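# Structure assessment
These are the residues of each chain, in order.
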Amino acid sequence: MSMTPGGPEYLDTSGPAEAAPDNDNRKRLVVLGALGAGAAVVAGGAWAATSFFATGAQPAEALPDSTIAYASVDLDPSGGQKIEAIKTLRKFPGFTDQVDIKSDEDLRERLFEEITSSGGCEGLSYADDVKPWLGARAAMAAVEVGEDQPAPVAVVQVTDSGKAEEGVQKLIDTCGGGEEGSGDVGGWVVDGDWLVLAETKETAQKVVDDAGSGSLADDEAFGTWTGEAGDDGFMSFYVAKGAAKYLGEAAGMGSSLGGPLLGDLSGSSAGGFDQECLDAATTPEEMNACFEEPTDDTSSDTGSEEVPPELQQVIDGFDGMAATVRFDDGSVEVEYAVSNYQPDMSKYLDSDEGVALVDGLPDDTVAAMGFALEQGWAQAFVDYLKTTLPDDSASIDDGIAQMESETGLSFPEDIETLLGEGVTLSVGSGIDPDAIANGGPGEVPVGITIKGDAGDIQAVLDKVKAQVPPEMAEFMEVTEGDGYAVLALQDDYRGKLEAGGDLGGNDDYAKVVDGDAQSLLFVNFDADDNWLARVTEDMPEVSENLEPLSSFGISSWIDDDVMHGKLELTTD
């Protein structure tokens, strides 16, 4: 892990100017919260590796139930994750060489030293000014406080409220002061075990007051979604149902939201720009000066744009989401859950036939992906596009007609036949970069298995074969496995796919593929003589950091109204 130098710029007038040039000072305090919150989120993986799991107060307790977005770092997460994190991270020479975290080390001090290394906070002492009050948990959030837009808020756990008041003031005076930074830098409130930072003291106080009436931690939806995201970890994320409405507002704001740098999001004209001026600009102010102001007839009604129907459908169907990052048994996991806001389309993914095919691949499979699409998916997808893009319906029909003319295929029947009831794409062992480079596609151990009638699939491919060069046509020959069709570039690998295997019984596979998966991606780094480290052996620094990798998997599945996913990376 590397830490970005120059952090103190975010504590003086130069840093925030780039992010919000016309609101520099008011934003500074929220950015200052990066010392205990934002920076903790960015560096959370390494910092969290220095803490054990324990039950204790969480930042959600200091935020109101009107919070619509939340990202927290738990620097004291559950049972033994410190040990797992240290064991896992220290397997990589690059990490040990650059960071080398020890179990008894206070990474907060390391982080503080990196942030202040450029000299922007001279006279500030971690031991005297930060450590006496800085706690172990932090969060960034967007909170509805009765304004047009949600307020950005940082929450930091404190161990001594009195010292926190003094410490934050010294941080502002030392890192955010000076002649140019002496204006309003925002506000903060220390309430019990929490420091709440916002753009103004009034906003921070309102957050505290609202949390007293009903906290995010006690909110039913928050508890439901964070529970759907699985066991606790050292980082967690949450987006409330209420956040979706801001997508609609953004879509309706058009150019007033996009501004000169993003342009008109609604598609209407909002003035022009000078490209030569943009090319020469070096600051946000110079870039803004390159744009022409919108004319009166375009600027007067930017707030009246209607929300596109496809976006409105997402807004209406979105009910929330959450994600968790954790260490577990030598692996790093990211698990998420999101509301099934497109049930009319996601129902065509509700099958595990593709995963079942992956389970039956050869045991020495290097990588594979599998999924299934229920009958009717192709026409449903086209109908969906026409509904969401009504102005493009004619061009969609024209594109389908052109595809049918050029390939000889019939839509949607032939497309659905080609993908069958489930399909896999896999890579087998025997990867030889030199042989592939000299011998062409026939040396690549890659293949496709399809749950479907081999004869029907071959009939569809025969239509395509008549339209392609002979060197491509030779790879469009289907053979049969046990209840599935096989296509492969390499004859040897074709035979392996026809014979099948028991990849599902492989330990590396079982560790990273969830048992509920309906679609998946799997990579076995240990297979084929540690293939990834082997093919990069001419780059020793890269190869030695790839050597510890064992397997990687992405699983996704639908459970009623919730779409689940899990990413897992394991080490040897």
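Scroll up a little and you will see the structure.
Notes on the structure in this doc start here. Quantities reported herein were computed from a predicted structural model and do not represent experimental measurements.

## A word on the overall build of the protein chain
A count of helical and extended segments in the protein chain gives 29 helices and 16 strands. Here the protein chain, with 572 residues, has 46% of them falling under the buried criterion. Residue pairs at least 24 apart in sequence account for 70% of intrachain contacts in the protein chain once pairs closer than 6 positions are excluded. A total accessible area of about 27100 Å² is found for the protein chain, and carbon and sulfur atoms account for 50% of it.

## A few points about the nonpolar core
Core analysis: the largest hydrophobic core is formed by 31 residues, its most contacted members being Leu63, Tyr70, Val143, Val153, Val207, Leu216 and Tyr238. Broken down by element, this core gets its largest block of residues, 4 residues, from strand β2 (residues 134-143). Every residue in contact with Tyr70, bar those within four places of it in the chain, is listed here: Pro59, Ala60, Leu63, Ala139, Met140, Ala141, Leu216, Phe222, Ser236, Phe237 and Tyr238. Grouped together as the second largest cluster of nonpolar side chains are 19 residues, Leu124, Ala154, Val156 and Ala164 included.

## A closer look at helix α21 (residues 393-407)
The end-to-end C-alpha separation of α21 is 21 Å, in line with the 21 Å expected for 15 residues at 1.5 Å each. When α21 is considered as a whole, its buried residues turn out to be Ser393, Ile396 and Ile400. For α21, the angular spread of the buried residues around the axis is 65 degrees, confining them to a single face. Structural note: α21 exposes Ala394, Asp398 and Ser405 on the side pointing more than 90 degrees away from its buried face. Taken together, the buried residues of α21 touch α20 (377-388).

## Notes on the state of the cysteines
One pass over the full model with this rule turns up 1 disulfide. Covalent S-S linkage joins Cys121 and Cys175, the inter-sulfur distance amounting to 2.0 Å. For the disulfide bridge between Cys121 and Cys175, the dihedral angle about the S-S bond is near 135 degrees, and by the sign convention the bridge is right-handed. Pair noted here: Cys121 is in the loop between α7 (107-115) and α8 (126-130) and Cys175 is in helix α9 (residues 161-175), with a separation of 54 residues, a long-range link. Here Cys121 falls in the buried class, since its relative accessible area comes to 4%.

## Digging into a negative patch on the surface
Residues Glu61, Asp65, Asp191, Asp193, Asp209 and Asp218 make up a contiguous surface patch of negative charge. Position of Asp218 relative to the elements: it lies in the loop between α10 (201-213) and α11 (220-228). Taking relative accessible area as the criterion, Asp218 reaches 67% and is therefore assigned exposed.

## Observations regarding the packing of aromatic side chains
This model, assessed by the stated rule, comprises 5 aromatic pairs. Ring geometry for Tyr70 versus Phe222: centroids 5.6 Å apart, planes at 85 degrees, classification edge-to-face. A residue pair is termed long-range when its members are at least 10 positions apart, and Tyr70 in strand β1 (residues 67-74) and Phe222 in helix α11 qualify at 152 residues. Taken together, the ring pairs connect Tyr70, Phe222 and Tyr238 into an aromatic cluster.

## Some thoughts on the side chain of Thr67
By the element assignment, Thr67 lies in strand β1. Within polar-contact distance, the side chain of Thr67 engages the backbone oxygen of Pro64 at 2.8 Å.

## A few points about the environment of Asp363
As for its placement among the helices and strands, Asp363 is situated in the loop between α19 (353-359) and β9 (367-371). Separated by 137 residues in the primary sequence, Asp363 and Gly500 place their C-alpha atoms 8.4 Å from one another. Setting aside residues no more than four positions away along its own chain, Asp363 makes contact with Gly501, Asp502, Leu503 and Asn506.

## Considerations on the pairing of β2
Of all 10 residues making up β2, 8 are buried, and the element is well covered by its neighbours. Where β1 lies against β2, 7 bridges are found, and the strand directions are antiparallel. Of the residues in β2, the one forming a bridge with Thr67 is Val143. Relative to strand β3 (residues 151-158), β2 runs antiparallel, the two being bridged by 7 bridges. Residue pairing across strands places Ala139 opposite Val155, the latter belonging to β3.

## Regarding the packing of α20 against α21
Across the interface, α20 lies against α21 with an axial gap of 9 Å and an inter-helix angle of 150 degrees. On the basis of their axis angle, the class for α20 and α21 is roughly antiparallel. Every residue of α21 that contacts α20 at Val382, Leu385 and Lys386 is listed here: Ser393, Ile396, Asp397 and Ile400. Of the residues contributing to the contact of α20 with α21, the split by class is 4 nonpolar, 1 polar and 2 charged.

## Focus on the pattern of salt bridges
Scanning all chains against the criterion turns up 12 salt bridges. Of the charged contacts, one joins Glu335 and Arg326 as a salt bridge, the two residues approaching to 3.1 Å between their closest N and O atoms. Judged by its relative accessible area of 5%, Arg326 falls in the buried class. Glu477 is the partner of Lys465 in a salt bridge, and the nearest nitrogen-oxygen pair spans 2.3 Å. Of this pair, Lys465 sits in helix α24 (residues 454-465) while Glu477 is found in the loop between α25 (470-473) and β12 (479-480), placing the two residues 12 residues apart along the sequence. With a relative accessible area of 35%, Glu477 lands in the partly exposed category. One salt-bridge network, held together by shared partners, links Arg326, Glu333 and Glu335.

Criteria and cut-off values
- Throughout, a residue's number is its position along its own chain's written sequence, starting from 1.
- Only residues with pLDDT of at least 70 are given local features in this predicted model, and only at 80 or more are side-chain atom pairs given and counted; all residues enter the totals for whole chains, interfaces and linings.
- Derived side-chain values reflect all non-hydrogen atoms in the structure, with water molecules and hydrogen atoms excluded from consideration.
- Helix numbering and strand numbering both begin at the N terminus, where a helix is a DSSP run of H or I of at least 4 residues and a strand a DSSP run of E of at least 2.
- Burial classification: accessible surface area is computed with a 1.4 Å probe over protein chains only, and a residue below 20% of its type maximum counts as buried, one above 50% as exposed, and the rest as partly exposed.
- Residue contacts are defined here by distance: any two heavy atoms, one from each residue, within 4.5 Å place the two residues in contact.
- In these tables, accessible area is a Shrake-Rupley quantity obtained with a 1.4 Å probe, and a residue counts as shielded only by the protein chains included in the view.
- We define a nonpolar core as any set of buried Ala, Val, Leu, Ile, Met, Phe, Trp, Tyr and Cys residues linked to one another through side-chain atoms lying within 4.5 Å.
- Expected helix span is computed as 1.5 Å times (number of residues minus one).
- The directions considered for the arc run from the helix axis to the C-beta atoms.
- Count a disulfide wherever a pair of cysteine sulfur atoms falls within 2.5 Å.
- Each patch groups residues whose relative accessible area exceeds 30% and which form no salt bridge, using 9 Å between like charges and 5 Å between nonpolar side chains of Val, Leu, Ile, Met, Phe, Trp and Tyr.
- Salt bridges are defined by distance alone: a side-chain nitrogen of Lys or Arg within 4 Å of a carboxyl oxygen of Asp or Glu.
- Two residue types count as positive, namely Lys and Arg, and two as negative, namely Asp and Glu; His and chain ends fall outside the count.
- Lys charges are placed at NZ, Arg charges at CZ, Asp charges at CG and Glu charges at CD.
- Put simply, two rings from Phe, Tyr or Trp (the six-membered ring, in Trp's case) pair if the centres are within 6.5 Å, and we call them stacked under 30 degrees between planes, edge-to-face over 60, tilted for the rest.
- Polar contact is the term for a pair of N or O atoms within 3.5 Å; when the atoms are in protein, one must be able to donate a hydrogen and the other to accept it, and sequence-neighboring residues count only if both atoms are side-chain atoms.
- When DSSP finds at least two bridges between two strands, those strands are taken to pair.
- Between N-to-C directions, angles cover 0 to 180 degrees, with each direction set by a line fitted to C-alpha atoms, over the stretch in contact for helices.
- The cut-offs work like this: below 35 degrees is roughly parallel, past 145 is roughly antiparallel, 65 to 115 is roughly perpendicular, and the gaps in between are oblique.
- Classification used: nonpolar for Ala, Val, Leu, Ile, Met, Phe, Trp, Tyr, Cys and Pro, charged for Asp, Glu, Lys and Arg, polar for all others including Gly.

Shape descriptors only; they carry no functional weight alone.
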